[in-house]
Amino acid sequence: MQLRRLAPAKVNLFLHVGPLRADGYHPVCSLATFADVGDVVRLSPAAEMGFAVEGRFAEALAGETDNLVTRARDLLLAGRAGTPPFYLTLEKLLPIAAGLGGGSSDAATAMRLIAQVLKLEDAQALEVIARRLGADALMCLEAQPVLAQGRGDDLTAPPPFPYLPAVLVNPLKPSPTGAVYRAYDDAGAAGNADLPAWPEVLPTAEAVAEFLASCRNDLEAPAITLQPAIADVLAGLRSRPETKLARMSGSGATCFAICADDMARDQLAAAVSAARPGWWVRPCTFAGNQRSN
């Protein structure tokens, strides 16, 4: 029987970044959540172990010898003799180098599928492997709203906020993380990993947007210097009446807009798609953690 699972896009609603430390890491403070769009990972019984990539953006990964999905698989299966062979297929639907944690989410999702097949219930063992793959992989294991601090792997539950109607837009121009961080350092690394003062109540998407307006993405400016198309995306989103807040996610080039409701979200996505048919545009919903009454 084939298993199938969404590897959701990770979105940084804000990303505060401090200067490079002696240990080679930048301290961060980020509120991350997950969209209901992303890549898809499938697991099927097979005669021997295998892995393939398909989908719209598969070609960009052609020839890649160190995919995070296969690395996660091999780490999880290490020392588990007699595991029945299976075939993993990654349907790559998110743009590459897009600031959406795609590779980490793919790896975390593959781990969840493999654990399901092997009936592995040791959550701590999965977390240990995810940490070896990077801070993003760790938060992608749960794929729930999270406040990330330190090196990005100090994870805590954020104060409550609602689900958010949103639009993701990528100009289909890559924005490699390493290059953006180097540009940030070269420009003086003027940000810091400060924790913003959180309102007691964030009842609506408009309230969330108002709070986020006091926050920032410290990588936005250096990313724009390397990839000016990001500025075009932000300008296009911010010019629309449906947009309550527009910001770049992660190290780019994907940007997001938060809208008041689903109707405004769909109107915004349609307008951007019509105006810029060469861009990747996806209406979606960002996960919240606010309990319903």
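Presented here is a report on the structure given in the accompanying data block. (Residues numbered from 1 in each chain as written. Predicted model: local features only at pLDDT ≥ 70, side-chain atom pairs only at ≥ 80, totals over all residues. Heavy atoms only, no water.)

Overview of the overall build of the protein chain
Phase 1 of the analysis: A count of helices and strands for the protein chain gives nine helices and ten strands.
Phase 2 of the analysis: For 293 residues, the compact-globule estimate of 2.2 N^0.38 gives 19 Å, and the C-alpha radius of gyration of the protein chain, at 19 Å, lies within 12% of that figure.
Phase 3 of the analysis: Residues classed as buried in the protein chain amount to 52% of the 293 residues present.
Phase 4 of the analysis: Within the protein chain, contacts between residues at least 6 apart in sequence are counted, and of these 76% link residues at least 24 apart.
Phase 5 of the analysis: A total accessible area of about 13200 Å² is found for the protein chain, and carbon and sulfur atoms account for 51% of it.
Phase 6 of the analysis: Within the protein chain, the 31 negative side-chain charges are centred at a point lying 2 Å from the centre of the 26 positive side-chain charges. (Helix = DSSP H or I, 4+ residues; strand = E, 2+ residues; numbered from the N terminus. Rg over C-alpha atoms; globule rule 2.2 N^0.38 Å. Buried < 20%, exposed > 50% of the residue type's maximum accessible area, 1.4 Å probe, protein only. Contact = heavy atoms within 4.5 Å. Areas by Shrake-Rupley, 256 points an atom, 1.4 Å probe, with all protein chains shown as cover. Lys, Arg positive; Asp, Glu negative; His and termini not counted. Charge placed at Lys NZ, Arg CZ, Asp CG, Glu CD.)

Considerations on the packing of aromatic side chains
Phase 1 of the analysis: Under the criterion given, the structure shown has three aromatic pairs.
Phase 2 of the analysis: Look at W198 and F211: their rings are 4.9 Å apart centre to centre, the planes differ by 35°, and that puts the pair in the tilted class. Of this pair, W198 sits in the loop between α5 (177-186) and α6 (205-212) while F211 sits in helix α6, placing them 13 residues apart in sequence. For the residue pair W198 and F211, the accessibility class agrees, reading buried in each case.
Phase 3 of the analysis: Linked through ring pairs, F14, W198 and F211 together constitute an aromatic cluster.
Phase 4 of the analysis: Against the face of Y25 rests R151, its NZ or CZ located 3.9 Å from the ring centre. (Phe/Tyr/Trp six-rings, centres within 6.5 Å; stacked < 30°, edge-to-face > 60°. Lys NZ or Arg CZ within 6 Å of the ring centre and 35° of its normal.)

Focus: the side chain of D39
Phase 1 of the analysis: By secondary structure assignment, the location of D39 is in strand β2 (residues 28-45).
Phase 2 of the analysis: Only 2.7 Å separates the side chain of D39 from the backbone nitrogen of L93, close enough to count as a polar contact.
Phase 3 of the analysis: In this structure the side chain of D39 is engaged in a polar contact, spanning 2.8 Å, whose partner is the backbone nitrogen of L94.
Phase 4 of the analysis: Discounting chain neighbours no more than four positions away, the residues touching D39 are R5, L6, A7, L90, E91, K92, L93, L94, G102 and D106. (Polar contact = N/O pair within 3.5 Å; in protein donor to acceptor, adjacent residues only side chain to side chain.)

Some points on the side chain of D218
Phase 1 of the analysis: Within the secondary structure, D218 sits in the loop between α6 and α7 (220-226).
Phase 2 of the analysis: Among the polar contacts listed, one links the side chain of D218 to the side chain of R216, at a separation of 2.6 Å.
Phase 3 of the analysis: With sequence-adjacent residues up to four places away left out, D218 is seen in contact with L15, H16, V17, Y184, G191 and N192.

Side note on the nonpolar core
Phase 1 of the analysis: In terms of nonpolar packing, the biggest core is built from 34 residues, with V41, L88, M111, I114 and L133 touching the most fellow members.
Phase 2 of the analysis: Of all the elements in the fold, those that place two or more residues in this core are β1 (3-17), β2, α1 (68-77), β4 (86-91), α2 (102-118), α3 (123-133), α4 (135-142) and β5 (146-150).
Phase 3 of the analysis: A per-element tally of this core places α2 first, with seven residues.
Phase 4 of the analysis: Leave out the neighbours within four places in its chain, and M111 touches A72, L76, L126, I129, A130, L133 and L141.
Phase 5 of the analysis: Core analysis: the next-biggest nonpolar cluster, separate from the first, contains 32 residues, F14, C29, A35 and A207 among them. (Core = buried A, V, L, I, M, F, W, Y, C linked by side-chain atoms within 4.5 Å.)

Looking at the packing of α1 against α2
Phase 1 of the analysis: Taken N-terminus to C-terminus, the directions of α1 and α2 make an angle of 35°; their axes are 8 Å apart at the nearest point. Regarding α1 and α2, the two cross each other, and that crossing is right-handed. Counting all contacts with α1, which are made through L68, V69, A72, R73, L76 and L77, the residues of α2 involved are G103, S104, D106, A107, A110, M111, I114, A115 and L118.
Phase 2 of the analysis: Tallied by class, the residues present in the contact of α1 with α2 amount to eleven nonpolar, two polar and two charged. (Axes fitted to C-alpha atoms, helices over the stretch in contact; angles between N-to-C directions. Left-handed = near helix turned anticlockwise from the far one by under 90°. Nonpolar A, V, L, I, M, F, W, Y, C, P; charged D, E, K, R; others polar.)

Concerning α5
Phase 1 of the analysis: Residues of α5 that are buried: V180, Y181, A183 and Y184. Buried residues of α5, viewed axially, fall in a sector of 160°; they line one side. Facing away from the buried surface of α5 by more than 90 degrees, the exposed residues are R182 and D186.
Phase 2 of the analysis: Next to the buried residues of α5 lie β1, β2 and α7.
Phase 3 of the analysis: Among the residues trailing α5, G188 stands out with phi positive, at a value near 110°. (Arc of directions from axis to C-beta.)

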